[in-house]
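This is what each chain is made of:
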Amino acid sequence: MYSIISRLTLEGGVIDTLAYYFQYNFVIFALIVGVLIALCSSLLGVTLVLKRYSFIGDGLSHVAFGAMAVASVLKLANLNILVMPVTILVAVLLLRGGNKSMLKGDAAIAMLSVTSLAFGYLIMNVFSASANVSGDVCSTLFGSTSILTLDSTEVAICIVLSLIVIAVYLLFYNKIFAVTFDETFCRATGVKAGRYNFLIAIIIAVIIVLGMNLVGSLLISALIVFPALAAMRLSGTFRGVVLLSAVFSVICALAGMLVSILYSTPVGATIVGVDLLWFLLAVCIGKFILKNQ
């Protein structure tokens, strides 16, 4: 594959190489799904960063990994039948536990993250019938080529779920904004903060499960956090940060997938690498702007 890509790049240039690959539906499907997942991740990423739950994406992805391992051992036809409900349940428990929970915030996430990762790997080693357990685990943790093997049904499901996430976020934007900054004030003014935390938890869980096919369970938190952090270096308003985060996330995901297609690099790691470069660029631009004000 790499020799073919090298030959095409040398003979016709990058544009001709991309045009060659855009003839295939699986490439178009991968780009559509990748952009939608990146867009959805960026919206909730701002809320998670401001609520100091940046690490929740990593923790939930490990929970999803453990659930996926159990679903694989049970040989379920659709792994999401188990993975999605379990991830949503844990997300709800983490975000609604608050001060009443025995384990607070980062401690609960760290415990669940390590336990789920270890449990999933143990289950896959003890009960899996696969001849390449290490390869399966590595693909799940760091992303795989499954994003390039999506069929039209899987793409349609991803589009529907992504549109639902975006619609819900836009519909409850004001409430999510209020809950993000001051839950106590929300409750004092009659807003049911717990209800909207529940909504945020569901959306986050859906995004995590969708994003695992793109960047893997170990890298999904980067897809959520980096665009938000980059946007915060360039904007001082919540709406501005959300809009910039969405733009940055889509650009980085698209650029990462195109680079991956051109040079046969791992999809997930390439997207995260582009996100990191964009964040560093945003930091430099932000410092330059502050210096000249």
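The rules we used
- Residues numbered from 1 in each chain as written.
- Predicted model: local features only at pLDDT ≥ 70, side-chain atom pairs only at ≥ 80, totals over all residues.
- Heavy atoms only, no water.
- Helix = DSSP H or I, 4+ residues; strand = E, 2+ residues; numbered from the N terminus.
- Buried < 20%, exposed > 50% of the residue type's maximum accessible area, 1.4 Å probe, protein only.
- Contact = heavy atoms within 4.5 Å.
- Areas by Shrake-Rupley, 256 points an atom, 1.4 Å probe, with all protein chains shown as cover.
- Disulfide = S-S within 2.5 Å.
- Core = buried A, V, L, I, M, F, W, Y, C linked by side-chain atoms within 4.5 Å.
- Phe/Tyr/Trp six-rings, centres within 6.5 Å; stacked < 30°, edge-to-face > 60°.
- Expected span 1.5 Å × (residues − 1).
- Axes fitted to C-alpha atoms, helices over the stretch in contact; angles between N-to-C directions.
- Parallel < 35°, antiparallel > 145°, perpendicular 65-115°, else oblique.
- Left-handed = near helix turned anticlockwise from the far one by under 90°.
- Bend = angle between axes of the 7 residues up to and from the residue.
- Patch = residues over 30% accessible without salt bridge, like charges linked within 9 Å, V, L, I, M, F, W, Y side chains within 5 Å.
- Salt bridge = Lys/Arg side-chain N within 4 Å of Asp/Glu carboxyl O.
- Nonpolar A, V, L, I, M, F, W, Y, C, P; charged D, E, K, R; others polar.

Moving on, we come to the overall build of the protein. Helices and strands together make up the secondary structure of the protein, namely 13 helices and 0 strands. Listing the helices and strands of the protein from first to last along the sequence gives α-α-α-α-α-α-α-α-α-α-α-α-α. A total of 293 residues make up the protein; the buried ones form 46% of that total. Within the protein, residue pairs in contact and separated by at least 24 positions form 75% of the contacts whose partners lie at least 6 positions apart. As presented, the protein carries roughly 14700 Å² of accessible surface, and 69% of it is formed by carbon and sulfur atoms.

Overall, the coordinates contain 0 disulfides when judged by the stated rule. Unpaired in terms of disulfides, cysteine 158 finds its nearest cysteine sulfur in cysteine 40, a separation of 7.5 Å.

On to the nonpolar core. If you look at the biggest cluster of nonpolar residues, it comprises 78 residues, and the most contacted ones within it are Leu44, Ile56, Leu60, Leu94, Tyr169, Ile203 and Ile204. Take this core: its biggest share by element is 14 residues, from helix α10 (residues 193-215).

Attention now moves to the environment of leucine 48. Tracing the sequence through the fold places leucine 48 in helix α2 (residues 25-50). Each C-alpha atom of the pair leucine 48 and isoleucine 200 lies 9.3 Å from the other, and the pair is 152 residues apart in sequence.

Centre distance and the angle of the planes are the two values used to describe a pair of aromatic rings. A complete count under the given rule lists 6 aromatic pairs for this structure. Look at tyrosine 169 and tyrosine 173: their rings are 6.1 Å apart centre to centre, the planes differ by 70°, and that puts the pair in the edge-to-face class. Exposure class is identical for tyrosine 169 and tyrosine 173. Each is buried. When the ring of phenylalanine 177 is compared with that of phenylalanine 238, the centres are 5.1 Å apart and the planes differ by 65°; the resulting orientation is edge-to-face. Highlighted residues: phenylalanine 177 in helix α8 (residues 173-181) and phenylalanine 238 in helix α12 (residues 238-263), separated in sequence by 61 residues. Here a set of aromatic residues connected by ring pairs shows up, and it is made of Tyr169, Tyr173, Phe177 and Phe238.

Residue pairs three or four apart in sequence face the same way in an α-helix, which turns once every 3.6 residues. Between its first and last C-alpha atoms α12 spans 37 Å; for 26 residues at 1.5 Å apiece the expected length is 38 Å, and the two agree. Immediately beyond the C-terminal end of α12, within one or two residues, lies serine 264, with a positive phi of roughly 55°.

Two elements in contact, helix α11 (residues 220-232) and α12, have axes separated by 8 Å at closest approach and are oriented at 125°. Judged by the angle between their axes, α11 and α12 are oblique. Relative to α12, α11 is oriented so that their crossing is right-handed. Seen from α11, the contacting residues are Leu223, Pro227, Ala228, Ala230, Ala231 and Met232; seen from α12, they are Val241, Leu244, Ser245, Phe248 and Ser249.

For α2, which comprises 26 residues, the first-to-last C-alpha distance of 38 Å matches the rise-based estimate of 38 Å (1.5 Å per residue) to within 8%. The largest bend in α2 comes to about 30°, at leucine 44. Looking at the residues trailing α2, positive phi occurs at arginine 52, about 60°.

Take a nonpolar patch on the surface next. Together, Leu234, Leu281, Ile285, Phe288 and Ile289 line one region of the surface with nonpolar side chains, adding up to about 430 Å² of accessible area. The partly exposed category is assigned to leucine 234, whose relative accessible area is 30%.

Attention shifts here to the environment of aspartate 58. Inspection of the secondary structure puts aspartate 58 in helix α3 (residues 56-73). A residue is classified by how much of its surface remains accessible, and aspartate 58, at 10% relative accessible area, is buried. The spacing of aspartate 58 and alanine 110 is 52 residues in sequence and 9.0 Å in space, taken between C-alpha atoms.

What follows covers the packing of α3 against α11. The contact between α3 and α11 brings their axes to 8 Å, and the two run at 160°. In terms of orientation, α3 lies roughly antiparallel with respect to α11. Note that α3 runs across α11; the crossing there is right-handed. Taking contact as the criterion, the partners of Gly57, Asp58 and Ser61 in α3 are, on α11, Ile220, Ser221 and Ile224. Looking at side-chain class alone, the contact of α3 with α11 contains 2 nonpolar, 3 polar and 1 charged residues.

Treat this as a map of the structure, not an account of what it does.
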